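What the coordinates show
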Amino acid sequence: MSIKRVGVIGGGQLAWMMAMAAKSLGIRLVVQTPNVTDPAVCLAAETVFAAIDDGVATEQIASRCDVITFENEFINLDALKSLANRGICFYPRLESLAPLLDKYDQRCYFDRIGLPQPEFISLEGEVGQQELKSLGSDRTPINLSQLEFPLVLKARRQGYDGKGTFIIKDSHSLQEIWNQLDNQPVVLEEFIPFERELAVMAARSVDGQVVVYPVVETQQEEQVCRRVIAPAQISPDTVAEVNAIAKTLLTSLDVVGVFGIELFLTSNHKVLVNEVSPRTHNSGHYTIDACQTSQFEQQLRAVVGLPLGSPQMHCPSAVMVNLLGYESSQDDYQQKRQTLASLPGAFVHWYGKTQSRPGRKLAHVTVLSDGNSVQEVIDKVESVWYG
Ligand code: ADP
């Protein structure tokens, strides 16, 4: 008999969309999230109101669930380890998450399993001081004066939507930005002048079956995802390469669940891994309306031990546009939502956030299309939304 009670740590829009999938699978979803206004609260069977990293609250949801899964990676691994040691089941397993919660650890892990990626080093110590240490992936010291700019500096933890990621043009701004981050250890990596950014969702079941969704193109502005085009217009060789990366990664981490992988495609057709999210991902939202099995249903299927569903698209092409806040308000944008929903093939997903802030993800719209009108669809949606 399959498991019917799932706990999820995090109650934002990803948990909200998971809660919809849970209802259609007959699964009871118990959510741990801090605020009563968080999107998933209205759809969860039950909510424990607590911070994401509150291990005591996780123990509470565990007492009402058969398995616990995740909506985001801002978790308290140490607290969860003691729960796992007492027999509480986490999928993905904590061992699968451990190398991924810190951007430097991620890069070291990719190195170990041979995935292609930008060159990177860790920057530790104090700027301008003798003890400044910059270390390669094998932790050998590297002379900072030999660095070639531009570089990308990334906070090792708590980054999302480009927060904590900085393009660095010269050694002066390196010092300035690192100072702003209190000289915490950071990752410094090669700036990739990519031709395009790609992403892929992949799932792995308890018995080791891996399914990979179509590779998509993602378009970022100021490091925030603005739109996703599915499938990406890329060569079969590139698709095969991305699929192989996804299979290697999920298998070597012994994943149970859904992971999102972000990649760069260079002008000479090289694929490099940017980062991995050990959960459902914005680049997979199109799967709700365009694929046989949404990423949210797939995560639930994986963690409760149901057979994985088909990741195939049921239409030739789809475009997902994030609807970002462009002002501070409590407006629910009824008129704009209706106009977007009336576009042919459009599905609007409104997350029900009570407050809009510039850049905040308030909703997304997916438009199914024949593949010929991708740019037209994007222009139309964005002109309705941003005016
Ligand atoms: P976050 O975890 O906040 O999403 P990312 O590491 O994915 O941050 O970076 C956000 C965006 O910044 C990427 O989608 C890409 O556009 C840009 N970026 C990140 N790393 C690099 C790099 N090494 N070279 C060029 N651009 C990069």
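It should be noted that the structure appears before, not after, this text.
Quantities reported herein were computed from a predicted structural model and do not represent experimental measurements.

Rules and cut-offs
- Residues numbered from 1 in each chain as written.
- Predicted model: local features only at pLDDT ≥ 70, side-chain atom pairs only at ≥ 80, totals over all residues.
- Heavy atoms only, no water.
- Near = heavy atom within 4 Å.
- Polar contact = N/O pair within 3.5 Å; in protein donor to acceptor, adjacent residues only side chain to side chain.
- Helix = DSSP H or I, 4+ residues; strand = E, 2+ residues; numbered from the N terminus.
- Salt bridge = Lys/Arg side-chain N within 4 Å of Asp/Glu carboxyl O.
- Buried < 20%, exposed > 50% of the residue type's maximum accessible area, 1.4 Å probe, protein only.
- Expected span 1.5 Å × (residues − 1).
- Arc of directions from axis to C-beta.
- Core = buried A, V, L, I, M, F, W, Y, C linked by side-chain atoms within 4.5 Å.
- Contact = heavy atoms within 4.5 Å.
- Pairing = 2+ DSSP bridges.
- Axes fitted to C-alpha atoms, helices over the stretch in contact; angles between N-to-C directions.

**Observations concerning the site of the ligand**
Neighbouring residues of the ligand: 20 residues in total, closest K103, G162, I192, E197 and E275. K103 is positioned such that a nitrogen or oxygen atom in its side chain is 2.6 Å from an oxygen atom of the ligand. Residue E189 places a side-chain N or O atom 2.9 Å away from a nitrogen atom belonging to the ligand. Every element with two or more residues in the shell around the ligand is listed here: β7 (151-155), β9 (186-190), β14 (257-265) and β15 (271-277).

**Description of the pattern of salt bridges**
Under the definition given, this model contains 21 salt bridges. A salt bridge links E189 to K154, with the nearest nitrogen and oxygen atoms 2.9 Å apart. With E189 in strand β9 and K154 in strand β7, the pair connects residues that are 35 residues apart, well separated along the chain. Overall, the relative accessible area of 3% leaves E189 in the buried class. Owing to a relative accessible area of 6%, K154 belongs among the buried residues under this scheme. Notably, a salt bridge pairs E195 with R196, separated by 3.2 Å at the nearest N-O pair. Among the ionic contacts, a cluster of salt bridges with common partners joins D102, D105, E124, R156 and R157.

**What to know about helix α7 (residues 236-252)**
For α7, spanning 17 residues, the distance from its first C-alpha to its last is 24 Å, which sits close to the expected 24 Å at 1.5 Å a residue. Among the residues making up α7, those that are buried are T238, V242, I245, A246, L249 and L250. Within α7, the buried residues cover an arc of 115 degrees as seen down the axis, which keeps them to one side. Those residues of α7 that are exposed and angled more than 90 degrees off the buried face are P236 and D237. Following α7 by one or two positions, D254 adopts a phi angle in the positive range, close to 55 degrees.

**Section: the nonpolar core**
When a protein is soluble and globular, its nonpolar side chains tend to lie buried together. Counting 44 residues, the largest nonpolar core has V6, I27, L29, Y286, L300 and M313 as the members making the most contacts within it. When residues of this core are traced back to their parent elements, those giving at least two are β1 (5-9), α1 (13-25), β2 (28-33), β10 (196-204), β13 (224-230), α9 (295-304) and β16 (317-324). Among the elements that line this core, the one with the most residues is α1, at nine residues. In contact with L29, other than residues within four places in its own chain, are V6, V8, A15, M18, A19, A22, A44, A45, E46 and L300.

**Some details on the sheet that holds β2**
Strand order in the open sheet formed by four strands is β3-β2-β1-β4, and the pairing between neighbours is parallel. Strands at the two margins of the open sheet, each flanked by one partner only, are β3 (46-49) and β4 (67-70). Between one strand and the next, the sheet's axes are offset by a mean angle of 25 degrees, whatever the strand orientation. Bridge count for β1 against β4 is four bridges, and the pairing is parallel. Counted as the bridge partner of V8 is T69 from β4. Strands in contact with α1 are β1, β2 and β4; relative to β2, the strand with the most contacts, it is inclined by about 165 degrees. Along the sheet face, α9 touches β1, β2 and β4 and points at about 145 degrees away from the line of β4.

**Let's talk about the environment of L188**
Along the chain, L188 turns up in strand β9. Non-local contacts of L188, meaning those with residues more than four positions away in its chain, are made with E119, F120, I121, L123, L147, L151, V152, L153 and L174.

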